[in-house]
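# Summary of the model geometry
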Amino acid sequence: MLEQTAADGPLSGPSYAYRGATIDCHKGGHVCRLMMPDHPLHGRGFGSVGTITPLVDLWVDERQLPKYMRVVPKVR
């Protein structure tokens, strides 16, 4: 289950714990960052909690991303 861990987290919005992931949101909760070290989208900000949780489910259950999604490596 999705559990809110802070009302005012590191990005000034709510933070959540979900299946081993931390999801930090900006105020309003419309743009959130996924923090899950073994996930290919770790550290990236996009979408809302409702967009991120299915990606966590798919990764935890099948170690996959949706077929329509490709990850471009971060430039260092």
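Bear in mind that the values here come from a model prediction, so they are computed numbers and not experimental data. (Residues numbered from 1 in each chain as written. Predicted model: local features only at pLDDT ≥ 70, side-chain atom pairs only at ≥ 80, totals over all residues. Heavy atoms only, no water.)

### Examining the pairing of strand 4 (residues 32-35)
The two faces of the sheet receive side chains in turn, since in a regular strand these alternate between them. Put simply, the test is: For every residue, the accessible area (1.4 Å probe, protein chains only) is compared with the maximum for its type, and the residue is labelled buried under 20%, exposed over 50%, or partly exposed between those bounds. To qualify as a helix, a DSSP run of H or I must reach at least 4 residues; to qualify as a strand, a run of E must reach at least 2; elements of each kind are numbered from the N terminus. A pair of strands is labelled paired if DSSP reports no fewer than 2 bridges between them.
Residues C32 and L34 line the buried face of strand 4, whereas the alternating positions R33 and M35 sit on a face that is not buried. One ladder, built from 4 bridges, connects strand 3 (residues 21-26) with strand 4; its direction is antiparallel. Across the sheet, I23 pairs through a bridge with L34, a residue of strand 4. Counted along the chain from strand 3 to the antiparallel partner strand 4, the turn is 5 residues long, and its residue G28 has a positive phi close to 90°. Pairing between strand 4 and strand 5 (residues 45-46): 2 bridges, direction antiparallel. Residue pairing in the sheet places C32 in a bridge with F46 of strand 5.

### Quick look at unusual backbone geometry
Positive phi is not limited to glycine here, since R19 has a value of about 50°. Mapped onto the fold, R19 is located in the loop between strand 2 (12-18) and strand 3. Exposure remark for R19: the relative accessible area of 36% places this residue in the partly exposed category. The phi angle at R63 is positive, at roughly 55°, despite the residue not being glycine. Checked against the element boundaries, R63 lands in the segment after helix 1 (49-62).

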